[in-house]
Amino acid sequence: MIKDSFAENAKAGTWRYLYYVSYHGDHYDLAWELLQTNWDKYAGKYNTTSFTMGYLIEIPEVFDTPAKYDEVKDFFASKESNIGTGKKTVEETLAKIKSNMKWKEEHFDNVKKWFTESVI
């Protein structure tokens with residue numbers, strides 16, 4: 001399906017397949033991998049000044065580890081020449097990952113403890 005989204009006759013909104021996959025369960029890593037693999041195709045098809053690219057840049061914002069933060073930062077740094085107007089969205093995505101990391105560090109153990117003691 002992702003591959004088909006690059007076809008000449010593909011509907012303009014087929015990028016949404018990847019975007020929606022990224023927000024369902026354990027598919028975050030898959031969506032991120034597909035975005036990295038196909039970045040140049042998306043940039044060519046949807047133009048780096050389109051809102052579509054902003055949505056795609058947001059895909060990794062669900063991550064919450066320093067390793068993923070570094071991976072996302074390095075990837076977009078390597079694509080700086082064809083990010084276009086998405087530079088602000090890259091900054092926001094990195095900020096969101098940092099926020100997720102901070103929340104996890106400050107609250108995850110307490111929530112896990114509460115859940116284990118109260119629910120299970």
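Refer to the structure above for everything that follows.
Going along each chain's sequence as written, the residues are numbered from 1 onward. Totals for whole chains, interfaces and linings use every residue, but because this is a predicted model, local features are given only for residues with pLDDT of at least 70 and side-chain atom pairs only at 80 or more, for both listing and counting. The side-chain numbers reported here are obtained from all heavy atoms of the structure, hydrogens and water having been left aside.

1. Concerning the environment of Ser50
Operational definition: Helix and strand definitions here come from DSSP, where helices need a minimum of 4 consecutive H or I residues and strands a minimum of 2 consecutive E residues; each element is numbered from the N-terminal end. Only protein chains enter the accessibility calculation, which uses a 1.4 Å probe; a residue is then buried when its area is under 20% of its type maximum, exposed when over 50%, and partly exposed in between.
Note on placement: Ser50 falls in the loop between helix H2 (28-46) and helix H3 (51-57). Exposure remark for Ser50: the relative accessible area of 22% places this residue in the partly exposed category. Residues Ser50 and Gly86, 36 residues apart in the sequence, show an inter-C-alpha distance of 8.5 Å.

2. Describing the nonpolar core
Our working rule: Residues belong to one nonpolar core when they are buried, are Ala, Val, Leu, Ile, Met, Phe, Trp, Tyr or Cys, and are joined through side-chain atoms within 4.5 Å. The contact criterion used throughout is that any non-hydrogen atoms of two residues lie within 4.5 Å.
One finds Leu35, Trp39 and Phe76 to be the most contacted residues of the largest nonpolar core, which totals 22 residues. Secondary structure elements with two or more residues in this core: helix H1 (15-21), H2, H3, helix H4 (66-78) and helix H5 (87-118). The greatest single-element share of this core, amounting to seven residues, is contributed by H2. Residues contacting Trp39, with those up to four places away along its chain left out, are Met53, Ile57, Phe75, Phe76, Lys79, Asn82 and Ile83.

3. What to know about the packing of H2 against H4
Heads up, the rule is: With axes taken as lines fitted to C-alpha atoms, and helix axes fitted only over the stretch in contact, angles between N-to-C directions fall between 0 and 180 degrees. Here is the rule for angles: anything less than 35 degrees is roughly parallel, anything more than 145 is roughly antiparallel, 65 through 115 is roughly perpendicular, and the remaining ranges are oblique. For a crossing to be left-handed, the near helix must be turned anticlockwise from the far one by less than a right angle; the clockwise case is right-handed. Gly is placed with the polar residues, together with every amino acid not listed as nonpolar (Ala, Val, Leu, Ile, Met, Phe, Trp, Tyr, Cys and Pro) or charged (Asp, Glu, Lys and Arg).
Axis separation between H2 and H4 bottoms out at 12 Å; the angle between their running directions is 20°. Taken together, the axes of H2 and H4 are roughly parallel relative to one another. Read as a crossing pair, H2 and H4 show a hand that is left-handed. For the pair formed by H2 and H4, the contact residues are Asp29, Trp32, Gln36 and Trp39 on the first element and Lys68, Glu71, Val72, Phe75 and Phe76 on the second. When the residues that make up the contact of H2 with H4 are grouped by side-chain class, the tally is five nonpolar, one polar and three charged.

4. Some details on the packing of aromatic side chains
Put simply, the rule reads: Note on ring pairs: Phe, Tyr and Trp rings are taken, using the six-membered ring of Trp, and paired if centres are within 6.5 Å. Classes follow the plane angle, with under 30 degrees stacked, over 60 edge-to-face and the rest tilted.
The tally for this structure, following the rule as stated, stands at seven aromatic pairs. Measuring from ring centre to ring centre gives 5.7 Å for Trp39 and Phe76, while their planes differ by 75°; the resulting arrangement is edge-to-face. Of this pair, Trp39 sits in helix H2 while Phe76 sits in helix H4; the two residues are 37 residues apart in sequence, bridging distant segments of the chain. Taking the relative accessible area as the measure of exposure, Trp39 reaches 0% and is therefore buried. With a relative accessible area of 4%, Phe76 lands in the buried category. Summarising the aromatic geometry, the rings of Phe75 and Phe76 are spaced 5.2 Å apart at their centres and angled 70° between planes, so their arrangement reads as edge-to-face. Through successive ring pairs, a cluster of aromatic residues spans Trp32, Trp39, Phe63, Phe75 and Phe76.

Note that every value here comes from positions in space, so none of it alone points to a role or purpose.
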